[in-house]
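Reading the structure
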Amino acid sequence: MNFDLTDEQEAFRKVVRDFADEVVAPQAAEADREERFPLDVVKQMGAMGLFGLPFPEEYGGSDADAVTVCLAIEELGRADQSVGITLSAAVGLAGMMIHRFGTDEQKDRWLAPLCRGEALGSFGLTEPDAGSDAAAARTTARLESQEWVIDGSKALITNSGTPLTTFHVVAASTEPGGGAKGLSTIVVPADTPGVVVEQSYRKLGWHASDTHGLTFEGCRVLEGNLLGERGRGFAQCLEILTGARISISALAVGLAQACLDASVAYANERQAFGKPIGANQGVQFKIADMRAKLETARLATYRAAWLKDQGRPHVAEASLAKLVSSEAAVDCAREAVQIHGGFGLTEEFPVARFYRDAKVLEIGEGTSEIHRLILARDLGLPETF
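Below is a short write-up of the structure. (Residues numbered from 1 in each chain as written. Predicted model: local features only at pLDDT ≥ 70, side-chain atom pairs only at ≥ 80, totals over all residues. Heavy atoms only, no water.)

Brief notes about the packing of aromatic side chains
- With the rule as written, the count across this model stands at three aromatic pairs.
- On the numbers, 5.7 Å between centres and 45° between planes, the contact of Phe 343 with Phe 349 is tilted.
- Classification of Phe 349 as partly exposed rests on a relative accessible area of 24%.
- Grouped by ring-pair contacts, the aromatic residues Tyr 266, Phe 343 and Phe 349 constitute a single cluster. (Phe/Tyr/Trp six-rings, centres within 6.5 Å; stacked < 30°, edge-to-face > 60°. Buried < 20%, exposed > 50% of the residue type's maximum accessible area, 1.4 Å probe, protein only.)

Some words on helix 3 (residues 66-79)
- Taking 1.5 Å as the rise per residue, helix 3 with 14 residues should run 20 Å; its terminal C-alpha atoms sit 20 Å apart, in good agreement.
- The buried count for helix 3 comes to 14 of 14 residues, which makes it a mostly enclosed element. (Helix = DSSP H or I, 4+ residues; strand = E, 2+ residues; numbered from the N terminus. Expected span 1.5 Å × (residues − 1).)

A short note on a negative patch on the surface
- A surface patch of negative charge is lined by Glu 57, Glu 58, Asp 63, Asp 104, Glu 105 and Asp 108.
- Tracing the backbone through its elements, the reader meets Glu 57 in the loop between helix 2 (39-47) and helix 3. (Patch = residues over 30% accessible without salt bridge, like charges linked within 9 Å, V, L, I, M, F, W, Y side chains within 5 Å. Areas by Shrake-Rupley, 256 points an atom, 1.4 Å probe, with all protein chains shown as cover. Salt bridge = Lys/Arg side-chain N within 4 Å of Asp/Glu carboxyl O. Lys, Arg positive; Asp, Glu negative; His and termini not counted. Charge placed at Lys NZ, Arg CZ, Asp CG, Glu CD.)

Considering the state of the cysteines
- Inspection of the entire model under this criterion finds zero disulfides.
- Free of any disulfide, Cys 115 has its nearest neighbouring cysteine sulfur in Cys 70, separated by 18 Å.
- Taking the relative accessible area as the measure of exposure, Cys 115 reaches 3% and is therefore buried.
- With no disulfide of its own, Cys 259 lies closest to Cys 332 among cysteine sulfurs, the gap being 6.2 Å. (Disulfide = S-S within 2.5 Å.)

As structure tokens, this is what we get:
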């Protein structure tokens, strides 16, 4: 086994890390405080080609492997989780749906502008009453005069209302009875009449990430906007979510790394009882445990990404990485605040933001409970519901 990155991957990581340190990090606290989508930063990411990383060169992408995509998301997430999730959702969800299931014409229209950094897309799967049970989606699409007429609503959709958002990939019931075999995915241009972007959510974390509900009121799009095969939408979404879970794992690794870095620096600087608090065994144990959890999460994440790159089965491994890394991020953020003491509760130190940002990592792209079920079933245990 070889755990080393290639020279190209190391060079790429340095480029993204420098960008994260010099451009992303300095604006993170202000964007978080103002709950402002960092449009200028996102445009610079587009100019760097980050939104085209995993996609073919013919559409303006880089044909990068999953490990390289994880490197970018980890480094951005270390500086600002909101920026990291903007990339992860645009590439791993919306863009990947077009890439995997779209026609050449659909890719030219929606994927190519994303790769060039000129546009963003959203992935409309979650609904107010359909989260973990995605097959229970109530949004409907019916064919009428060679157009899909879409009615329903989506909840908690990332990148759904930015100035760059040009399309939504929407999961809707197209077959009688709906359910897992009744969903299809349809591309809905953002400027389509009947698409309503709801007011942005007031969230615990990810304040600078663009998150809205979407409502579709008699929204009409061309029949040709269907992605792939009719009635195969649920299977499509599951496939895409497997890869997206690896991206979220990398985002969690970035947060855990940021917490560790901040804690080591503070433990060496903060004086108590005449010595740095890092000289206390209790603080050292906390930091050592943070490192152990971080490195375990990183190994699980990049192993899952490597398996994906090899074309090998990785559903369980992606769930394992998502479970381990998200819980490591929450644990590391909690301990980072504890090490900072009272100052950790103030917005003057980034660990407060890290703590708020961490919790969603245990929920988005499958809750920790769902991933435990996936791992249990992979071992041959019976279904529980």
